[in-house]
Amino acid sequence: MPFLIATSPGRPDHPNEDFAAATATCAVLLDGVSAPADLDNGCSHGVSWHTRRLGALLLAGADAGMNLREALADAITSVAAAHEGTCDLGNQQSPSATVVAVRVGADHLEYLVLSDSVLLTEEGGKVRRLADTRLDDLRPRLAPGTPARSWRNVPGGFWTAGANPGAAEEALVGTVPRGAFLAMTDGASRAVEVFGELSWEDSFDLARRQGPGALVERVRVLEAADPSCRRYPRAKVRDDSTALWWEP
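Quick caveat: nothing in here was measured; it's all calculated off a predicted structure.

Student: Can you break down unusual backbone geometry residue by residue, with the values?
Tutor: Unusually for a residue other than glycine, N153 sits at a positive phi of about 60°. Position of N153 relative to the elements: it lies in the loop between α3 (134-138) and β8 (172-177). When its relative accessible area of 25% is taken as the criterion, N153 is described as partly exposed. Located in the positive-phi region is C229, a residue other than glycine, with phi close to 65°. Structurally, C229 can be placed in the loop between α6 (212-224) and β10 (241-246). You can call C229 buried: its relative accessible area is 15%.

Student: A description of the side chain of D226 should follow, citing residues and the corresponding values.
Tutor: Following the sequence through the fold, D226 ends up in the loop between α6 and β10. Within the local environment of D226, its side chain forms a polar contact with the backbone nitrogen of Y232, the two atoms lying 3.0 Å apart. The residues touching D226, leaving out its near neighbours within four places in the chain, are R231, Y232 and R234.

Student: Outline the packing of helix α1 (residues 47-63) against helix α2 (residues 68-83), listing residues and values.
Tutor: Orientation of α1 relative to α2, taken along the N-to-C sense of each, is 140°, at an axis distance of 8 Å. By the angle between their directions, the pair α1 and α2 is classed as oblique. Judged by the twist between their axes, the crossing of α1 over α2 is right-handed. Contact residues: α1 offers W49, H50, R53, L54, L57, L58, G61 and A62, while α2 offers L68, A71, L72, A75, I76, S78, V79, A82 and H83.

Student: Describe the sheet that holds strand β5 (residues 108-114), listing the residues and the values that go with them.
Tutor: If you trace the five strands from one edge of the open sheet to the other, you get β2-β3-β4-β5-β8, paired in antiparallel fashion. With partners counted over all chains shown, the strands left at the sheet margins are β2 (18-22) and β8, one partner each. Averaged over all neighbouring strand pairs, the angle between strand axes comes to 10°, with direction disregarded. As defined by bridge partners, strand β3 (residues 26-33) adjoins strand β4 (residues 96-104) across eight bridges and the pair is classed as antiparallel. Among the inter-strand pairings, G32 is bridged to a residue of β4, identified as A97. The strands touched by α1 within the sheet are β2, β3 and β4, with β3 carrying the most contacts at an inclination of about 160°.

Rules used in this analysis
- Residue indices begin from 1 for each chain and proceed along its sequence in written order.
- In keeping with the predicted nature of the model, local features appear solely for residues at pLDDT of at least 70, side-chain atom pairs appear and are counted solely at 80 or more, and the whole-chain, interface and lining totals rest on all residues.
- Remark: hydrogens and water are excluded; side-chain values derive from all non-hydrogen atoms of the structure.
- Each helix is a run of DSSP H or I of at least 4 residues and each strand a run of E of at least 2, with the numbering of both proceeding from the N terminus.
- Throughout this description, buried means an accessible area under 20% of the type-specific maximum (1.4 Å probe, protein chains only), exposed means over 50%, and partly exposed covers the range between.
- Throughout this description, a polar contact denotes any pair of N or O atoms lying within 3.5 Å of each other; where both atoms belong to protein, one of them has to be capable of donating a hydrogen while the other can accept it, and for residues adjacent in sequence the pair is counted only when both atoms sit in side chains.
- Contacts are assigned to residue pairs that have any heavy atoms within 4.5 Å of one another.
- Structural elements are reduced to axes, namely lines fitted to C-alpha atoms, with helices fitted over the stretch in contact, and the angle between N-to-C directions of any two is expressed from 0 to 180 degrees.
- Should an angle fall under 35 degrees it is called roughly parallel, over 145 degrees roughly antiparallel, and 65 to 115 degrees roughly perpendicular, with every other angle called oblique.
- By definition, turning the near helix anticlockwise from the far helix through less than a right angle yields a left-handed crossing, and turning it clockwise yields a right-handed one.
- Note on pairing: DSSP must find at least two bridges between two strands before they are called paired.

By themselves, these are just geometric observations and shouldn't be taken as functional.
Take a look at the structure:
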């Protein structure tokens, strides 16, 4: 079965900062990390520029058989080299991305997960969540008023794929038995993590029965029902939302 991808921008007047793509045996899903509008991120190209290039290079490296951490590190290095002469890559708000990468083998899946995009796999009929929880673990420990972004890509904080290839060493990697999987940016996992409408198992089952587009659409319905963000507090009314599905 081919990889199935559904993606939807959060705003029609703003580029989609998510990225997902696949070859015959590899898939990548990235969620660009935006700085608040009133902060200068030091980059003239933008988050979507960074995310598309990083994702394409990572996919090429994974498809060529590279170790997934090495493929991510090489991709980060190449993208940084493409704009280090024009942009301030030392700015902590410089564009970066969360990452999920999966390579399908004969009897197993290789995976890499960095930051808060989520990978769900199936083993023995049960859904397993593979997630880097450092950002969620950090939030309760922050002093009031301290933005989580101040702990991005620093020791003791959480890591995203920006300009430092060392972030690849912080990614979760491993193998699981070959089986169906669902990768989601946090805009797609909102149905579970923000709205509480679905469980992880429900999300997996919905993608299996109706495709990943059904999951993205469910999130859009939930967002539209709470346009003021009062019932379900969140930083954005609508977020970029991407889901990627595969099964043998």
